[in-house]
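So you can see what is in the structure, the chains are spelled out below.
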Amino acid sequence: GAVVSQHPSWVICKSGTSVKIECRSLDFQATTMFWYRQFPKQSLMLMATSNEGSKATYEQGVEKDKFLINHASLTLSTLTVTSAHPEDSSFYICSATFLTGGGGYTFGSGTRLTVV
Amino acid sequence: AQSVSQHNHHVILSEAASLELGCNYSYGGTVNLFWYVQYPGQHLQLLLKYFSGDPLVKGIKGFEAEFIKSKFSFNLRKPSVQWSDTAEYFCAVSKHQAGTALIFGKGTTLSVSS
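Residues numbered from 1 in each chain as written. Chains lettered and ligands numbered in written order. Predicted model: local features only at pLDDT ≥ 70, side-chain atom pairs only at ≥ 80, totals over all residues. Heavy atoms only, no water.

Undergrad: Hey, could you run me through the nonpolar core in this one?
TA: The nonpolar side chains of soluble globular proteins are, as a tendency, buried together. Counting 28 residues, the largest nonpolar core has B:W35, B:L48, B:F74, B:L76 and B:Y89 as the members making the most contacts within it. Every element with two or more residues in this core is listed here: β2 (10-14), β3 (19-21), β5 (31-38), β6 (44-50), β8 (64-68), β9 (73-78), β10 (87-95) and β12 (108-113) of chain B. Apart from residues no more than four positions distant in its own chain, B:Y89 is found in contact with B:Q6, B:L21, B:W35, B:Y36, B:V37, B:L47, B:F63, B:L76, B:G107, B:T108 and B:L110. A:C13, A:V19, A:A48 and A:F98 belong to the second largest nonpolar core, which has 25 residues in total. (Core = buried A, V, L, I, M, F, W, Y, C linked by side-chain atoms within 4.5 Å. Buried < 20%, exposed > 50% of the residue type's maximum accessible area, 1.4 Å probe, protein only. Helix = DSSP H or I, 4+ residues; strand = E, 2+ residues; numbered from the N terminus. Contact = heavy atoms within 4.5 Å.)

Set out below in structure tokens:
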């Protein structure tokens, strides 16, 4: 239980284009989802917290106009990287909290974004 | 805001050696504590978690961690490591309230030689 599906697994895009990453909770309702960014051999940095039906809360230093987050339903949150640049190349991971089995956090499998 | 410190950046051990990875957090309130492992090219996997109760937590693969509230610490231990334990280890903390994010430490790379 508490499975989160993240798509795509990897994507290559040209500079200036936009890329959408989807995160779906398959067997539970995710009121809150989180988006992280992980650089090679580094830790996960929290980018934003998204709550269903409301605006996302972004961490300091994260450009909300570049990283658009939408959480329109209890099972889907999306991260759109707008006008992507090579420095946006990274590994993006979504996460959600769950309450069953004592509770915790479940993670998507991540999306490797390469901007060329 | 809470933060997490992992003191060991890179630990190198021989098989059968004992392991202890340090983790300290800064937050004055009640917290939930986690250790995750990330094998090369793979996703995060939960090793163990602490929410409340017995401060000594046992996880998968023979790992355990002890929560010492007075020291704001949650160190990870394993009595005898194996080559297959080579991976990146992350300590993470969240506030003990619904809907709060996990904050991760910078991670510790463990290399085990056979």
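Undergrad: Whenever I open this one, the side chain of B:N32 confuses me. Can you help?
TA: All names here are of chain B. The topology assignment puts N32 in strand β5. Of the polar contacts made by the side chain of N32, one reaches the side chain of H96; its length is 2.6 Å. If sequence neighbours within four positions are ignored, N32 has contacts with Y50, F51, A92, V93, S94, K95 and H96. (Polar contact = N/O pair within 3.5 Å; in protein donor to acceptor, adjacent residues only side chain to side chain.)

Undergrad: Just to check I follow, could you spell out the pattern of salt bridges for this structure?
TA: Working definition: two side chains of opposite charge can pair if their charged atoms are close together. Residues and elements named next belong to chain B. Summed over the entire model, instances satisfying the criterion amount to six salt bridges over all chains. For E64, the salt bridge identified is with R77, shortest N-O distance 3.4 Å. Residue E64 is found in strand β8, and its partner R77 is found in strand β9; the two are separated by 13 residues along the sequence. Look at E64 and you get buried, because its relative accessible area is 19%. The partly exposed category is assigned to R77, whose relative accessible area is 22%. Here D85 ties to K78 by a salt bridge, and the two come within 2.9 Å at their closest N and O atoms. (Salt bridge = Lys/Arg side-chain N within 4 Å of Asp/Glu carboxyl O.)

Undergrad: Got a minute to help me understand the side chain of A:S25 in this structure?
TA: Relative to the helices and strands, A:S25 resides in strand β3 (residues 19-25). In terms of polar contacts, A:S25 uses its side chain to reach the backbone carbonyl oxygen of A:L74, at 3.5 Å.

Undergrad: I would appreciate a short explanation of the interface of chain A and chain B in the present structure.
TA: Note: interface size is frequently given as the accessible area lost on complex formation between the parts. The interface of chain A with chain B comprises 17 residues on the first partner and 17 residues on the second. When chain A packs against chain B, the two sides together hide about 1300 Å² of surface, and 59% of this comes from carbon and sulfur. Considering only the side of chain A, the residues that lose the most area to chain B are A:S43, A:Y105 and A:F107, jointly responsible for 36% of the buried surface there. The interface formed by chain A and chain B contains zero salt bridges. Counting every contact that joins chain A to chain B gives six residue pairs in polar contact (both at pLDDT 80 or more). Of the residues forming the side of chain A that touches chain B, the biggest block, four residues, is contributed by strand β4 (residues 32-38) of chain A. Among the residues forming the side of chain A that touches chain B, the class breakdown is six nonpolar, 11 polar and no charged. (Buried area = accessible area lost by both parts, 1.4 Å probe. Nonpolar A, V, L, I, M, F, W, Y, C, P; charged D, E, K, R; others polar.)

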